[in-house]
Amino acid sequence: MTVIATVGLPGSGKGEAAALAEEEGIPVVTMGDVIREACRERGLDPAEHHGEVASALREENGPGAIAEASLPQIEAALADSDVVLVDGIRSDVEVDIFEDAFGEAFTLVSIEAPQDVRRERLTDRGRDNLDGESLEERDERELGFGMGEAMERADVRIDNTDSLAAFRERIREVLDREVASP
């Protein structure tokens, strides 16, 4: 059993890492899906209220609420696969939850890129202003959850400033290493 989780600021490449894992046949659990489902349960549009509901879930149920709600999905994926990728760690509290749940089988990968590179990527995707927030505001919100501390605790760091092909190769190396090491 291996659980690989990604952490990184918006536009850093977490979604691309998840897409590559899926291409490799590795199940992906996206923590943002917990938030999107909570939006729908509250009658809110996830595209407009994602950040607001993420904050509300943490306020209502504690800083580890989203990670805790993701655990059953991860465990279900592990029933059918030796490796699962978790997309979207946001805090050091979430890292604690996954380390407690999976111990040595847990690997945290920090995907990093400077703000100007991330802004260009988000603009290219048409996602430069999510929930009415600027990238700076979104970074500040994410860092307020404890993302910086989570990134500091990463077992692996990937600087995603080169080409997409180079980034995908680095992610593939991490996936291959983790798949081979259980």
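Structure: see above.
Residues numbered from 1 in each chain as written. Predicted model: local features only at pLDDT ≥ 70, side-chain atom pairs only at ≥ 80, totals over all residues. Heavy atoms only, no water.

Visitor: Help me understand the sheet that holds strand β4 (residues 106-112) in this model?
Guide: Remark on secondary structure: sheet strands pair via backbone hydrogen bonds, oriented parallel or antiparallel. Taken together, the five strands give an open sheet; going across it, the order is β2-β3-β1-β4-β5, and neighbouring strands pair in parallel fashion. Here the strands that pair on one side only, and so sit at the sheet edges, are β2 (28-30) and β5 (156-159). In this sheet, neighbouring strand axes are inclined to one another by 20° on average, regardless of whether the strands run parallel or antiparallel. Relative to β5, β4 runs parallel, the two being bridged by four bridges. Directly across from Ser-110, in β5, lies its bridge partner Arg-157. Taken strand by strand, helix α2 (residues 31-41) contacts β2 and β3 (83-89), and its axis lies near 45° from that of β2. (Pairing = 2+ DSSP bridges. Helix = DSSP H or I, 4+ residues; strand = E, 2+ residues; numbered from the N terminus. Axes fitted to C-alpha atoms, helices over the stretch in contact; angles between N-to-C directions. Contact = heavy atoms within 4.5 Å.)

Visitor: So what exactly am I meant to see when it comes to the packing of helix α1 (residues 14-23) against helix α9 (residues 164-180) here?
Guide: To characterise two packed helices, one gives the angle between the axes of the helices and the distance between these axes. Across the interface, α1 lies against α9 with an axial gap of 10 Å and an inter-helix angle of 60°. Relative to α9, the element α1 is oriented oblique. Crossing angle aside, the handedness with which α1 passes α9 is right-handed. Where α1 abuts α9, its residues Glu-16, Ala-17, Leu-20, Ala-21 and Glu-23 lie against Leu-164, Phe-167, Arg-168, Ile-171, Arg-172 and Leu-175. Considering only residue class, the contact of α1 with α9 consists of seven nonpolar, no polar and four charged. (Parallel < 35°, antiparallel > 145°, perpendicular 65-115°, else oblique. Left-handed = near helix turned anticlockwise from the far one by under 90°. Nonpolar A, V, L, I, M, F, W, Y, C, P; charged D, E, K, R; others polar.)

Visitor: Please explain the nonpolar core as it appears in this structure.
Guide: One recurring pattern in soluble globular proteins is that nonpolar side chains are buried together. Core analysis: the biggest nonpolar cluster contains 33 residues, and Ile-74, Ile-89, Phe-98, Phe-102, Phe-106 and Leu-108 have the highest contact counts within it. At the level of secondary structure, the elements contributing two or more residues to this core comprise β1 (2-7), α2, α3 (46-61), α4 (65-80), β3, α5 (92-102), β4 and α8 (147-152). The dominant element in this core, judged by the number of residues it contributes, is α4, at six residues. Filtering out sequence-adjacent residues up to four positions away, Phe-102 remains in contact with Met-1, Val-3, Leu-71, Ile-74 and Leu-78. Counting 17 residues, the second largest nonpolar core, distinct from the first, contains Ile-4, Ala-21, Leu-85 and Ile-171. (Core = buried A, V, L, I, M, F, W, Y, C linked by side-chain atoms within 4.5 Å. Buried < 20%, exposed > 50% of the residue type's maximum accessible area, 1.4 Å probe, protein only.)

Visitor: Where do I start with the pattern of salt bridges in this structure?
Guide: Any two side chains of opposite charge can pair, given that their charged atoms come close. The final tally for this structure, using the stated rule, is 18 salt bridges. Glu-152 serves as the salt-bridge partner of Arg-157, at 4.0 Å between the closest nitrogen and oxygen. (Salt bridge = Lys/Arg side-chain N within 4 Å of Asp/Glu carboxyl O.)

Visitor: Looking at this structure, I do not really get α2. What am I missing?
Guide: Three or four residues apart is the spacing at which side chains of an α-helix point the same way, because the helix has 3.6 residues per turn. Buried within α2 are the following residues: Met-31, Gly-32, Val-34, Ile-35, Ala-38 and Cys-39. For α2, the buried positions fall inside an angular range of 150° around the axis, keeping them on one side. For α2, the secondary structure elements touched by its buried residues are β2, α3, α4, β3 and α5. Backbone geometry just downstream of α2 places Gly-43 in the positive-phi region, at approximately 75°. (Arc of directions from axis to C-beta.)

Visitor: Explanation requested: the environment of Ala-105 in the structure shown.
Guide: Structurally, Ala-105 is set in the loop between α5 and β4. Beyond its immediate chain neighbours, meaning those up to four positions away, Ala-105 contacts Met-1, Thr-2 and Val-3.

In short, the description is geometric, and any link to function would need to be established separately.
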